[in-house]
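Each chain, written out:
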Amino acid sequence: MQINGTLVNYYFHCKRQCYLFGNRINFEDNSEDVNIGRALHEERAIQDNTELALENIRLDKITEEYVTETKKSDADVEAAKWQLILYLKILKDKGIVRKGRLEFIEKRKTEKEVIIIELTKELEQQLEKHIKEIEKLLEQDEIPAILNKRSCKKCAYYEFCYI
C-alpha cells in the first residue's frame, strides 16, 4: 500500500488505528467526528475552490508560498504536522517547493491557530524513517494494542476496539 497522509496522521495518533485503516478495516463512514471533518473540508473546498488531489494525497489548499492543511481541532498537532511534512516531501519530489501551513479551526475559538513548517533535510530523513515504520506496522500479523486513552471515545474505531 502506498503511504498517504491519513496513514501518517493515524500512525502518530494511534498505531492501532493506522494498522486497521491501512489494512482496509474501515469504520470511518460511521463516525460523526470524521463526517464533521469531511464537511468542513468540503465546505472550504467549495468556498475557496482549492482542494487538489495528487497521486495518493489530497491537498486542502496550495498557493505560491504554502501548502495548507486544515484540521477541525488541535487535538493532535504532531500527527497533523507529519501529515503535512509528507505532502511537502511529495511535492518537492515533483519539483514543487512550498512551506507548510497548518490551520486549526476550533469550534469555540474566534481566531484560528496557525503553524508554519519548512521542510528540512532532517525532517525528510525522519519522514523516511517513519514511512518505513508504517510499512512494517502494516505488514504485521497482529493488530497493535488498544491505547485506552480518553481520545479513544471519539475514534471511528471505538466500537471495533471496545465492544
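(A) Spatial organisation of the nonpolar core. If you look at the biggest cluster of nonpolar residues, it comprises 33 residues, and the most contacted ones within it are I3, C18, I117 and I134. Counting residues per element, this core draws most heavily on helix α4 (residues 77-93), at nine residues. Once residues within four sequence positions are removed from consideration, I3 is found in contact with V8, N56, L86, I131, I134, E135 and L138.

(B) Focus on empty space enclosed by the protein. Tallied over the entire structure, the rule returns two cavities of 30 Å³ or more. Here the largest cavity defines a volume of roughly 120 Å³. With three residues, the top contributor of residues to the lining of the largest cavity is helix α6 (residues 158-162). Considered class by class, the residues forming the lining of the largest cavity number nine nonpolar, three polar and one charged.

(C) Layout of α4. The end-to-end C-alpha separation of α4 is 24 Å, in line with the 24 Å expected for 17 residues at 1.5 Å each. Within α4, 12 of the 17 residues are buried, leaving the element largely enclosed by the surrounding structure. Residues A79, A80, W82, Q83, L84, I85, L86, Y87, L88, K89, I90 and L91 constitute the buried set of α4. At the C-terminal side of α4, G95 shows a positive phi close to 85 degrees.

(D) Representation of the packing of aromatic side chains in the model. One pass over the full model with this rule turns up four aromatic pairs. Considering the side-chain rings of Y10 and F21, the 5.3 Å spacing of their centres and the 85 degrees angle between planes classify their relative orientation as edge-to-face. One end of the pair, Y10, is in helix α1 (residues 5-13); the other, F21, is in helix α2 (residues 15-22), with 11 residues separating them in the sequence. Each member of the pair, Y10 as well as F21, is classed as buried. Where F12 meets W82, the ring centres are 5.6 Å apart and the plane angle is 5 degrees; that geometry is what we call stacked. With F12 in helix α1 and W82 in helix α4, the pair connects residues that are 70 residues apart, well separated along the chain. Overall, the relative accessible area of 22% leaves F12 in the partly exposed class. A relative accessible area of 3% places W82 in the buried class. Linked through ring pairs, Y11, F12 and W82 together constitute an aromatic cluster. The ring of Y11 is capped by K15, whose NZ or CZ atom sits 4.0 Å from the centre of that ring. Against the face of Y66 rests R101, its NZ or CZ located 5.8 Å from the ring centre.

(E) A look at the layout of surface pockets. As a volume, the second largest pocket reaches approximately 200 Å³. Lining the second largest pocket, in full, are Q2, I3, E55, N56, L86, K89, I90, D93, K94, E128, I131 and E135. Of all elements in the fold, only α4 and α5 (121-139) reach the threshold of two or more residues within the lining of the second largest pocket. Residue contributions to the lining of the second largest pocket peak at four residues, all from α4. A class-by-class count of the residues in the lining of the second largest pocket yields four nonpolar, two polar and six charged.

Reading the values: rules and limits
- Residues numbered from 1 in each chain as written.
- Predicted model: local features only at pLDDT ≥ 70, side-chain atom pairs only at ≥ 80, totals over all residues.
- Heavy atoms only, no water.
- Core = buried A, V, L, I, M, F, W, Y, C linked by side-chain atoms within 4.5 Å.
- Buried < 20%, exposed > 50% of the residue type's maximum accessible area, 1.4 Å probe, protein only.
- Helix = DSSP H or I, 4+ residues; strand = E, 2+ residues; numbered from the N terminus.
- Contact = heavy atoms within 4.5 Å.
- 1 Å grid on protein atoms, 1.4 Å probe; cavity = no way out; pocket = protein on both sides within 12 Å on 5 of 7 lines; lining within 4 Å.
- Points joined across faces, edges and corners; volume = space filled by probe spheres on them.
- Nonpolar A, V, L, I, M, F, W, Y, C, P; charged D, E, K, R; others polar.
- Expected span 1.5 Å × (residues − 1).
- Phe/Tyr/Trp six-rings, centres within 6.5 Å; stacked < 30°, edge-to-face > 60°.
- Lys NZ or Arg CZ within 6 Å of the ring centre and 35° of its normal.

Keep in mind these numbers describe shape, not what the thing actually does.
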